[in-house]
Amino acid sequence: KTFINNTYSEKYFLKAVKPSFAALKKHINDLPLQMITTRIIDQFISASAASSKHSASLYYRTLKAAFNKAIVWNYIQENPFNKIKAPKVPKSFPVFISESELLIILSNTQMQLMKDIFTTAFYTGMRLGELLNMRWNWINFSENIITIKNSSEFYSKNKRERIIPVHPKVSSILQSIYQFGKDQNDLVFFRKKNIKLNEDFVSKQFKKAVREANLNDKIHFHSLRHSFASALVQRGISLYAVKELLGHGNIKTTQIYSHLQKDNLMAAVNLL
């Protein structure tokens, strides 16, 4: 746990590591690490998949990485996950919203702070953790860019810094907040100075507004990031450019938006 806390976010620990190890422990009881075989893991993943393919996939990814670390630390010689295929999870298109739907959500949001966060997420594609950790030294008003920075207090999902051009609507929000005078190390979005907002609180505020607006209940805060990417792809921006703006480590992650390249698909069919 100490290694996880120093390397990954608390959210990752609570939503991935903890449930994965709990499920494995329930399956194997107190079996020593060296006695966990490929057959035992295969049975564990198969049983998990029978109940939930999404859970089985999460367990597989998380525990395989953990066992690889166990090899590095010389606790075991081989990873029992290596000879097992990852469970196939049914894939669905990401849910996204239009600009008009964003306006409806904002009209059902009471707090100006939440309106500013939702709008910034929609026009930058930033992850919630990035938004709530953003400080003024990330923002260059003269060049009109935001640089996602890593620090001792925060690091991006894949530990890579990236640059996002600032949309006029986001620039207006930031300029309005900044005009009151801010220290470069201050958080941009907060209720109490230098105290980071709780991610679950912000997510629930967004969900509350979505429900009050009577929109699709599948819309959640991360849908704002999907919306940013979807809008770019539909306007003909290449997936590689979208990949860099989103900070994806692999183009395969960005390819979930490829179905939105309708003009390219139409052009391809018209060549027949």
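Please read these numbers as outputs of a predicted model, since none were measured by experiment.

Our next topic: the packing of helix 6 (residues 112-124) against helix 9 (residues 199-212). Their axes nearest at 11 Å, the elements helix 6 and helix 9 cross at an angle of 90 degrees. Overall, the two elements helix 6 and helix 9 adopt an arrangement that is roughly perpendicular. Each of Met114, Ile117 and Phe118 in helix 6 lies in contact with helix 9, whose residues at this interface are Phe201, Val202, Gln205 and Phe206. Among the residues making up the contact of helix 6 with helix 9, the classes are represented as 6 nonpolar, 1 polar and no charged.

Attention now moves to the pairing of strand 3 (residues 162-165). What you see with strand 3 is a clean split: Arg162 and Ile164 sit on the buried side and Ile163 and Pro165 on the side with no burial. Two elements, strand 2 (residues 145-148) and strand 3, share 4 bridges in a ladder whose sense is antiparallel. For Ile148, the partnering residue across the bridge sits in strand 3 and is Arg162.

Of the two faces of strand 2, both are covered, the one formed by Ile145 and Thr147 as well as the one formed by Ile146 and Ile148. Strand direction decides the pairing type here: strand 1 (residues 139-140) and strand 2, joined by 2 bridges, are antiparallel. Along strand 2, the bridge assignment pairs Ile139 with Ile146. Following strand 1, the chain reverses through 4 residues before pairing antiparallel with strand 2; Asn144 in that reversal takes a positive phi of roughly 60 degrees.

What follows is about the packing of helix 6 against helix 8 (residues 168-178). Their axes nearest at 9 Å, the elements helix 6 and helix 8 cross at an angle of 140 degrees. One element, helix 6, and the other, helix 8, form an angle in the oblique class. The handedness of the crossing between helix 6 and helix 8 comes out as left-handed. Contacts between helix 6 and helix 8 involve Asp116, Thr119, Thr120, Tyr123 and Thr124 from the former and Lys169, Val170, Ile173 and Ile177 from the latter. Its residues assigned to classes, the contact of helix 6 with helix 8 comprises 4 nonpolar, 3 polar and 2 charged.

Procedures and definitions
- Residues numbered from 1 in each chain as written.
- Predicted model: local features only at pLDDT ≥ 70, side-chain atom pairs only at ≥ 80, totals over all residues.
- Heavy atoms only, no water.
- Axes fitted to C-alpha atoms, helices over the stretch in contact; angles between N-to-C directions.
- Helix = DSSP H or I, 4+ residues; strand = E, 2+ residues; numbered from the N terminus.
- Parallel < 35°, antiparallel > 145°, perpendicular 65-115°, else oblique.
- Contact = heavy atoms within 4.5 Å.
- Nonpolar A, V, L, I, M, F, W, Y, C, P; charged D, E, K, R; others polar.
- Buried < 20%, exposed > 50% of the residue type's maximum accessible area, 1.4 Å probe, protein only.
- Pairing = 2+ DSSP bridges.
- Left-handed = near helix turned anticlockwise from the far one by under 90°.

By themselves, these are just geometric observations and shouldn't be taken as functional.
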